[in-house]
Amino acid sequence: MSASSPYLYSSILFAVPKGKAYTALQKLFLPFKMQIWIVMAVLLLCALIATTFLSETKLKFLAGECNSTPFLNTISVLFGGVVTVLPKRNFARTILIIWIFGCIVLRSAFEGSLFEYIQKPRNLPSARTFPELIARNYTLYMSTAIYQLLNTSTYYKRVQIHNFGSDERYELLKNSNFNGAVLTTDVGISYYNLRHFKTTGVVSSTKDRIYLLPFCIFFRKHSCLTKPITRLINQYTNNGLLQHWTSQYFEKKFVNVKAYDFEEHQPQRLTMKQLIGGFIIGSVLLTAALVVFLLEIMSKKCEFLNKLLRP
């Protein structure tokens, strides 16, 4: 058989299931990246060390006189509280102003982003590369034709031949508990997402390409139609007509997408389920406060607790 010039190139890659949904408690940490949380923790740790191990003279110079609870005041300012006793020295006042200004910026940015993260469904990142699929022990689903085309001898134990329909293979990936990836083309993923992104959602894929598949028209060997059809394909390609026609069902932006890339931004009322993370943190803090309160009461009768709580 003889083939014409390729009129379209398609990448063979894996369509992957979406990651598991973030819990309500995990969403509270999404507004900031890990680096910002680490910097905040280091600053609080430095404040704790300074207020614990500095001498009384140096602590008064740093935090001001008549400030019996400097670390507690640091936490209070972080959460928007007030300082009842202001320092008198200029250096201590400068430190306080810098900390208040920094906390206002962080708190405003956090509260502004938190509403969006709490309200919308978010998922953990899905596998983006082929090594991640292997590391997560995914089953690799592929059709018989693609299985014969690729050399899968290395991972043959993970490969499973499927007979899914055109849309059925993508519907399986909507389940975050589906432990597998389907080998398909970027054209198929783009066309599915183009049709379903407003209704049932989109499907994501890996970034790395397994194989580059050219689309050609095949004729009988020595056919008289091969060269004329090839000239027409080259002419349409140079004029941009083929790219225009294929753009009706194939757009790159619909291949590597996330479920919330095409969501409409409409305000909605918050539910109890969305706020459960805040209730959990509040309950933990109230429980800790209750434990400390009970220990203070018990310290009046226990000499060991009295020395521990009031050194």
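Residues numbered from 1 in each chain as written. Predicted model: local features only at pLDDT ≥ 70, side-chain atom pairs only at ≥ 80, totals over all residues. Heavy atoms only, no water.

Applying the stated criterion across every chain yields a total of 1 salt bridge. For E56, the salt bridge is made with K60, and the minimal N-O distance between the two is 3.5 Å. Placement of both E56 and K60 in helix 3 (residues 56-63) is noted, with a separation of 4 residues, approximately one turn of the helix. Taking relative accessible area as the criterion, K60 reaches 36% and is therefore assigned partly exposed. (Salt bridge = Lys/Arg side-chain N within 4 Å of Asp/Glu carboxyl O. Helix = DSSP H or I, 4+ residues; strand = E, 2+ residues; numbered from the N terminus. Buried < 20%, exposed > 50% of the residue type's maximum accessible area, 1.4 Å probe, protein only.)

Before going further, it helps to spend a moment on the nonpolar core. Grouped together as the largest cluster of nonpolar side chains are 14 residues, with contacts concentrated most on F14, F130, L133, Y138, L140, A181 and L183. Put simply, the parts of the chain that give this core at least two residues each are strand 2 (8-16), helix 6 (130-135), strand 3 (139-142) and strand 5 (180-185). Apart from residues lying up to four places away in sequence, A181 is in contact with F14, A15, V16, L133, Y138, T139, L140 and Y141. (Core = buried A, V, L, I, M, F, W, Y, C linked by side-chain atoms within 4.5 Å. Contact = heavy atoms within 4.5 Å.)

Of the residues in the protein chain, 90% have a pLDDT of 70 or more, and the chain-wide mean is 81. In the model of the protein chain, helix 13 (residues 303-309) stands out as the element of lowest mean pLDDT, 69, in contrast to helix 2 (residues 34-53), which has the highest, 90. (pLDDT = per-residue confidence, 0-100.)

It is worth spelling out the side chain of S11 at this point. On the secondary structure map, S11 appears in strand 2. Apart from residues lying up to four places away in sequence, S11 is in contact with T184, T185, D186, R209, Y211 and L212.

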